[in-house]
Amino acid sequence: MEGTEGRSSLSSSVLADWSLVFWTLCSVILPVLITLWCSFQRSRRQLLIRDIFRKSKHDWHYTDLFGQPSYCCVCAQHILQGAFCDCCGLRVSEGCLKKADQLFLCKEIMMRSNGGAHSSMPHRWIRGNVPLCSCCVICKQQCGTQPKLCDYRCVWCQYTVHDECMMDCLKTEECTFGEFRDLIIPPYYLSTINQMRKDKRTNYEKVVPYCRKHWMPVIILANTRSGNNMGETLLGEFKILLNPVQVFDLSKIAPAKALQLCTLLPCNAVRVLVCGGDGTVGWVLDAIDEMKIKGQERYIPQVAILPLGTGNDLSNTLGWGAGYAGEVPVEQILRNVMEADGIKLDRWKVQVTNKGYYNLRKPKVFTMNNYFSIGPDALMALNFHAHREKTPSLFSSRIINKAVYFFYGTKDCLVQECKDLNKKVELELDGERIKLPNLEGIIVLNIGYWGGGCRLWEGMGDEPYPLARHDDGLLEVVGVHGSFHCAQIQVKLANPVRLGQAHTVRLILKSSKMPMQVDGEPWAQGPCTVTITHKTHALMLYHSGEQTDDEASSVSEQDQVREQTDEDV
């Protein structure tokens with residue numbers, strides 16, 4: 001009996017041990033299996049959604065409850081996970097994507113014309129998710145106030161209408177394209193132009209929509225990699241307000257190809273809005289110069305700027321501000337483009353010829369819009385550029401970029417890598433040799449602003465000097481004593497060393513290697529000769545918006561000089 005009881009107790013203890021092992025394994029393996037299954041299902045679902053996105057005519061982007069609370073246009077339920085169209089504004093939940101593709105068409109960038117040059121098209125209404133604070137065009141009361149899918153919005157003119165105010169006549173009424181009809185390319189216009197090209201007719205002025213004399217179609221060129229990475233958001237907002245064919249992402253298409261749209265539009269009527277930094281603006285202006293070479297001068301557009309870069313000195317000079325962070329609605333930006341005045345901007349050829357008897361390399365040639373420099377500011381730009389190339393993801397904020405510039409400027413104050421520059425270079429202005437004082441840097445200016453918002457030529461503003469302009473064919477040449485001197489000039493505690501104004505600048509680097517930059521593009525340069533001559537003019541748009549006291553005084557002084565010049569003439 002005792003042996004039997006011992007064996008039974010032993011077997012029960014073994015069973016208990018195995019049971020413990022089994023449940024322990026279950027508690028470990030089961031969560032792992034569930035996690036793997038959920039991960040597989042999630043990846044499978046994402047692949048299916050991406051496939052729908054790829055095949056759809058809508059420009060879908062992910063959205064969820066936390067991104068922007070909205071309602072599905074198919075099932076009218078709250079969207080927990082879903083997508084929205086960047087072109088027409090349609091919003092649907094994840095399970096309704098396929099059905100939405102069948103039920104709703106996106107904005108048509110081209111369509112058949114139904115009456116020659118004066119064609120029209122009806123409203124394209126989409127129900128629900130109307131913009132906040134929008135008013136009904138019938139009763140003038142606010143729309144979208146109910147917590148459900150309600151009210152209508154036209155994808156072209158952006159008019160909104162209550163459900164109860166929607167009438168049959170509105171569904172067939174001609175769409176006027178709303179406030180920005182002077183900027184929009186209508187869907188039927190390009191179809192008409194395409195037919196005219198087949199018939200070898202080029203009198204596009206007769207096809208101007210709405211019989212309007214002041215039609216000025218705008219083309220949006222956005223660099224999604226500039227500065228604070230707002231380009232992606234702006235692309236969607238502009239596609240909602242305009243024809244999607246007018247909006248281009250410069251990370252996917254080159255400016256030269258995008259600007260060919262100008263050849264399908266009336267001569268001297270197109271305006272281009274460049275969303276990016278000064279480097280992006282220079283890229284677009286180079287593409288416009290290529291149009292001149294191709295004999296397309298009559299299609300040259302005027303260029304406005306939405307500053308998304310770090311410095312934005314050209315944008316600041318032309319009145320578009322020192323930086324954009326979403327504080328101004330996109331609608332107001334388009335109004336500013338419509339109201340802007342046309343001006344000219346000098347563009348300069350910078351030729352760098354290396355020294356040496358056996359140097360068979362071709363001279364390096366750059367195009368300058370803003371400034372050329374040699375010395376501490378070029379060294380800061382060179383160090384910044386080198387680190388951004390290594391870790392570009394860290395330089396996605398304008399504040400971080402400026403902090404890095406500040407770090408390298410402080411470092412140069414201690415190290416002084418560019419000292420005794422006056423012993424290493426010779427400077428000629430319009431062929432006349434200039435005797436240089438003790439300097440660390442020389443800056444050649446074409447525009448009023450430098451270094452992220454500093455009016456370098458004016459300095460403290462306490463000395464008389466000829467005014468700097470960006471359209472007079474003259475360059476302003478100044479010297480600086482170092483990084484600390486640059487910082488003093490930026491806070492108006494010091495003046496630059498004004499070396500003069502000239503039509504042609506020649507700089508000879510006699511020995512050693514020095515940092516140089518043209519419009520923020522830096523490099524290290526050995527002994528060479530730098531020659532700066534006038535190249536061409538660019539047609540720009542000037543926004544005369546709100547100005548600071550310094551800007552207002554500078555503008556008034558410039559007006560006085562222009563009036564005096566006119567009197568002398």
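Procedures and definitions
Residues numbered from 1 in each chain as written. Predicted model: local features only at pLDDT ≥ 70, side-chain atom pairs only at ≥ 80, totals over all residues. Heavy atoms only, no water. UniProt positions renumbered as here; feature names shortened; annotations may be inferred. Phe/Tyr/Trp six-rings, centres within 6.5 Å; stacked < 30°, edge-to-face > 60°. Helix = DSSP H or I, 4+ residues; strand = E, 2+ residues; numbered from the N terminus. Buried < 20%, exposed > 50% of the residue type's maximum accessible area, 1.4 Å probe, protein only. Salt bridge = Lys/Arg side-chain N within 4 Å of Asp/Glu carboxyl O. 1 Å grid on protein atoms, 1.4 Å probe; cavity = no way out; pocket = protein on both sides within 12 Å on 5 of 7 lines; lining within 4 Å. Points joined across faces, edges and corners; volume = space filled by probe spheres on them. Nonpolar A, V, L, I, M, F, W, Y, C, P; charged D, E, K, R; others polar. Domains from an automatic or database assignment. Pairing = 2+ DSSP bridges. Core = buried A, V, L, I, M, F, W, Y, C linked by side-chain atoms within 4.5 Å. Contact = heavy atoms within 4.5 Å. Expected span 1.5 Å × (residues − 1). pLDDT = per-residue confidence, 0-100. Axes fitted to C-alpha atoms, helices over the stretch in contact; angles between N-to-C directions. Parallel < 35°, antiparallel > 145°, perpendicular 65-115°, else oblique. Left-handed = near helix turned anticlockwise from the far one by under 90°.

As annotated in an unreviewed UniProt entry, the protein carries the name Diacylglycerol kinase and is attributed to Podargus strigoides. Under the heading Sequence similarities (unreviewed entry), UniProt records this for the protein: "Belongs to the eukaryotic diacylglycerol kinase family."

J.: Can you tell me about the packing of aromatic side chains, naming the residues and giving the values?
T.: All told, the structure shown has four aromatic pairs when counted by the stated rule. Here Trp-156 and Phe-177 contribute two aromatic rings whose centre-to-centre distance is 5.6 Å and whose plane-to-plane angle is 65°, an arrangement assigned as edge-to-face. You can see Trp-156 sitting in the loop between β5 (152-154) and β6 (160-161) and its partner Phe-177 sitting in the loop between α3 (168-172) and α4 (187-198), a full 21 residues away along the chain. Since its relative accessible area comes to 1%, Trp-156 is described here as buried.

J.: An account of the pattern of salt bridges is requested, with residue identities and associated values reported.
T.: A full pass over the atoms with the stated rule returns 13 salt bridges. Ionic pairing is found between Lys-55 and Asp-51, a salt bridge with its closest N-O pair at 3.3 Å. Here the residue Lys-55 and the residue Asp-51 both occupy positions in helix α1 (residues 2-55), the gap between them amounting to four residues, near one helical turn. Residues Asp-289 and Lys-292 are paired through a salt bridge, measuring 3.7 Å at the closest nitrogen-oxygen approach.

J.: I'd like a rundown of the layout of surface pockets, residues and numbers included.
T.: There is about 1200 Å³ of room inside the second largest pocket. Taken together, 41 residues line the second largest pocket, and the ones lying closest to its centre are Asn-129, Val-130, Pro-131, Leu-132 and Arg-153. If you list the elements that add at least two residues to the lining of the second largest pocket, you get β2 (81-85), α5 (231-241) and α9 (330-339). For the lining of the second largest pocket, the element with the highest residue contribution is α5, accounting for five residues. Taken together, the residues that form the lining of the second largest pocket break down as 21 nonpolar, 12 polar and eight charged. Looking at which domains feed residues into the lining of the second largest pocket, each of domain 1 (52-110) and domain 2 (216-339) gives three or more.

J.: Lay out the pairing of strand β19 (residues 505-509) with the relevant residues and their values.
T.: The buried fraction of β19 is high, at four of five residues. As defined by bridge partners, strand β14 (residues 425-429) adjoins β19 across five bridges and the pair is classed as antiparallel. Among the inter-strand pairings, Leu-429 is bridged to a residue of β19, identified as Val-505. Across five bridges, the pairing between β19 and strand β22 (residues 528-542) is antiparallel. Residue pairing in the sheet places Ile-508 in a bridge with Thr-529 of β22.

J.: Provide a residue-level description of the nonpolar core, including the pertinent values.
T.: Within the largest apolar cluster, 99 residues are counted, with the highest numbers of intra-cluster contacts made by Phe-238 and Leu-273. Per-element tally for this core: the top contributor is helix α7 (residues 278-293), with six residues. There are two domains that each give this core at least three residues, and those are domain 1 (52-110) and domain 2 (216-339). Once residues lying within four places of it in the same chain are set aside, the contact partners of Phe-238 are Ile-220, Val-247, Leu-273, Cys-275, Val-330, Ile-333 and Leu-334. Trp-348, Met-368, Phe-372 and Leu-509 belong to the second-largest nonpolar core, a separate cluster that totals 32 residues.

J.: Please give an account of empty space enclosed by the protein that cites residues and values.
T.: The final tally for this structure, using the stated rule, is two cavities of 30 Å³ or more. Quantified by volume, the second largest cavity comes out at close to 40 Å³. In terms of lining residues, the second largest cavity is bounded by Leu-285, Ile-288, Asp-289, Lys-292, Ile-300, Pro-301, Val-303, His-537, Ala-538 and Leu-539. Among the elements of the structure, α7 and β22 are those that each provide at least two residues to the lining of the second largest cavity. At four residues, α7 tops the list of elements feeding residues into the lining of the second largest cavity. For the lining of the second largest cavity, the per-class residue count stands at seven nonpolar, one polar and two charged.

J.: Tell me about the UniProt feature "transmembrane region" (unreviewed entry) in the protein, and please be specific about residues and values.
T.: Residues annotated by UniProt as "transmembrane region" (unreviewed entry) correspond here to residues 20-40. Secondary structure content for residues 20-40 is 100% helix and 0% strand, and the end C-alpha separation is 30 Å.

J.: Outline α7, supporting the account with residue identities and numerical values.
T.: The terminal C-alpha atoms of α7 lie 23 Å apart, and with 16 residues this matches the ideal 22 Å at 1.5 Å per residue to within 8%. Those residues of α7 that fall on the buried side of the exposure criterion are Asp-278, Thr-280, Val-281, Gly-282, Val-284, Leu-285, Ala-287, Ile-288, Asp-289 and Met-291.

J.: Just give me the short version of the confidence of the model for the protein, but keep the residues and values in it.
T.: For the protein, the average pLDDT comes to 82, and 83% of its residues sit at 70 or higher. Scored below 50 in pLDDT, residues 547-569 makes 18 contacts in the model with residues more than four places away or belonging to other chains.

J.: Could you give an account of unusual backbone geometry, naming the residues involved and the relevant values?
T.: Leaving glycine aside, a negative phi is the common case for residues, and trans is the common case for peptide bonds. Phi angles above zero are rare outside glycine, and Phe-177 is one such case at about 70°. Even without being a glycine, Asp-420 presents a positive backbone phi close to 60°. Inspection of the secondary structure assignment puts Asp-420 in the loop between α11 (398-415) and β14.

J.: Describe α5, listing the residues and the values that go with them.
T.: For α5, the tally of buried residues reaches eight of 11 residues, placing the bulk of the element in the interior. Restricting attention to buried positions, one finds in α5 the residues Gly-231, Leu-234, Leu-235, Gly-236, Phe-238, Lys-239, Ile-240 and Leu-241.

J.: Explain the side chain of His-470 to me, using residue names and the numbers behind them.
T.: Examined against the element boundaries, His-470 turns out to sit in the loop between β16 (441-445) and β17 (475-480). Excluding anything up to four places from it in sequence, His-470 contacts Thr-317, Leu-318, Ile-343, Lys-344, Leu-345, Asp-346, Asn-446 and Ile-447.

J.: Could you give an account of the packing of α5 against α9, with specific residues and numbers?
T.: Direction vectors running N to C along α5 and α9 enclose 70°, while the axes themselves pass 10 Å from each other. Viewed along their axes, α5 and α9 adopt a mutual orientation that is roughly perpendicular. Between α5 and α9 lies a crossing whose hand is right-handed. Note on element contacts: α9 touches α5 through Val-330, Glu-331, Ile-333 and Leu-334, opposite Leu-234, Glu-237, Phe-238 and Leu-241. Class assignment of the residues belonging to the contact of α5 with α9 gives a composition of six nonpolar, no polar and two charged.

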